[in-house]
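An overview of the molecular structure
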Amino acid sequence: MAIRFVTGNEGKVREAREYLADIEPVEQIDYDYTEIQSDSLAEIAAHGAREAFDEAGGEQPVLVDDAGLFVDALGGFPGPYSAYVEDTVGVERLWRLAREEENRRAHFKTVLAYADETGTETFDGSVAGTLVAPRGEGGFGYDPIFEYNGQTMAEMSTEEKNAISHRGRALAAFTEWYADREA
Ligand code: ITT
Ligand code: NA
């Protein structure tokens, strides 16, 4: 059955669609679920997925993806504020902040939450990389400043990014669980 990906972010949908191409069709719905106050990305995502599943009629399964960029030298900033910082400060100015630091290591993390009539499951993914001056036209968000193995994520195809990214890893955990559950 088609899975509804609850997000306003088309980049996330493109990646999930590519990854799940042989498994299930992915539809985008832009429902504004409640982001509960919690330190746990998994709890926030699981609550959002549950609410979106009920709101969307309680029939089609839903996926929610809560992600962030964590810069080591900045104490994990912007982390849970990544979307807000992208909209306000912007990617270029975050790079200029990181450029001042000797340690330019950063991590992307995501939690995928899946909800259907049987319950809710969460899947984590993360990837470590280095912040660099913006390069590349692909991807979205912070991809142009996040380098992994000599390439920024914006220089990768969707398939290449999925093979190493936080989202690709979370999707791998999800598909493994999903296949077992169907069997
Ligand atoms: P939804 O909540 O509607 O899904 P969003 O873009 O607000 O979309 P998040 O709350 O998860 O998503 O915010 C995460 C921020 O990190 C946001 O600025 C994204 O652009 C960025 N981000 C998430 N995944 C990314 C990725 O794979 N590459 C680059 N930036 C990413
Ligand atoms: Na968001």
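Residues numbered from 1 in each chain as written. Chains lettered and ligands numbered in written order. Predicted model: local features only at pLDDT ≥ 70, side-chain atom pairs only at ≥ 80, totals over all residues. Heavy atoms only, no water.

**Let's talk about the site of ligand 1**
Heads up, the rule is: Nearness is judged by heavy atoms alone; a residue qualifies as near a molecule or strand once a single heavy atom is within 4 Å of it. Whenever a nitrogen or oxygen atom comes within 3.5 Å of another N or O atom, the pair is scored as a polar contact, on the condition that within protein one atom can donate a hydrogen and the other can accept it, and that pairs from neighbouring residues in sequence are kept only if both atoms are in side chains. With residues, only the protein chains shown are counted as cover, and all accessible areas are computed by Shrake-Rupley using a 1.4 Å probe. Put simply, DSSP H or I for four residues or longer makes a helix, DSSP E for two residues or longer makes a strand, and each gets a number counted from the N terminus. Put simply, Ala, Val, Leu, Ile, Met, Phe, Trp, Tyr, Cys and Pro go in the nonpolar bin, Asp, Glu, Lys and Arg in the charged bin, and everything else, Gly too, in the polar bin.
In the vicinity of ligand 1, 18 residues are found, and the nearest of them are T7, K12, E86, D143 and K161. Contact distances for ligand 1 include 2.5 Å between an oxygen atom and a side-chain N or O atom of T7. The contact in question runs from an oxygen atom of ligand 1 to an N or O atom on the side chain of N9, over 3.0 Å. Starting from 600 Å² of accessible surface for ligand 1 in isolation, the protein chains cover 87%. Sorting the residues of the shell around ligand 1 by element identifies β3 (62–71), α3 (82–88) and α6 (166–182) as the ones contributing at least two each. Per-class residue counts for the shell around ligand 1 are five nonpolar, six polar and seven charged.

**Considering the sheet that holds strand β2 (residues 26–29)**
Heads up, the rule is: Strand pairing is defined by DSSP finding a minimum of two bridges between the two strands. Note on definitions: a residue-residue contact is assigned when non-hydrogen atoms from the two residues lie within 4.5 Å. Where helices are involved, their axes are fitted lines through C-alpha atoms of the stretch in contact, as for all axes, and angles between N-to-C directions lie from 0 to 180°.
Strand order in this open sheet of seven strands is β2-β1-β3-β4-β5-β6-β7, and the pairing throughout is mixed. Edge positions in the open sheet fall to β2 and β7 (151–152), since each of these has one partner strand only. Bridge count for strand β1 (residues 3–6) against β2 is four bridges, and the pairing is parallel. From the neighbouring strand, V6 faces β2, where its bridge partner is I29. In this fold helix α2 (residues 41–55) packs onto β1, β3, β4 (105–116) and β5 (119–131), with an angle of close to 35 degrees to the strand it touches most, β4.

**Considerations on helix α4 (residues 91–99)**
Note the cut-off: Burial classification: accessible surface area is computed with a 1.4 Å probe over protein chains only, and a residue below 20% of its type maximum counts as buried, one above 50% as exposed, and the rest as partly exposed. It is the directions from the helix axis to the C-beta atoms that the arc portrays.
Buried within α4 are the following residues: V91, L94, W95 and A98. One face of α4 carries all of its buried residues, which in axial projection span an arc of 105 degrees. Close packing links the buried residues of α4 with β3, α3 and β5.

**Regarding the pairing of β3**
For a regular strand, side-chain orientation follows a simple rule: the groups alternate between the two sheet faces. Counting buried positions over the ten residues of β3 gives nine, a clear majority of the element. In terms of strand pairing, β1 meets β3 through two bridges, oriented parallel. By the bridge assignment for β3, R4 is matched with V62. Bridging between β3 and β4 involves ten bridges; their strand directions are antiparallel. Bridge pairing in β4 places L63 opposite Y114.

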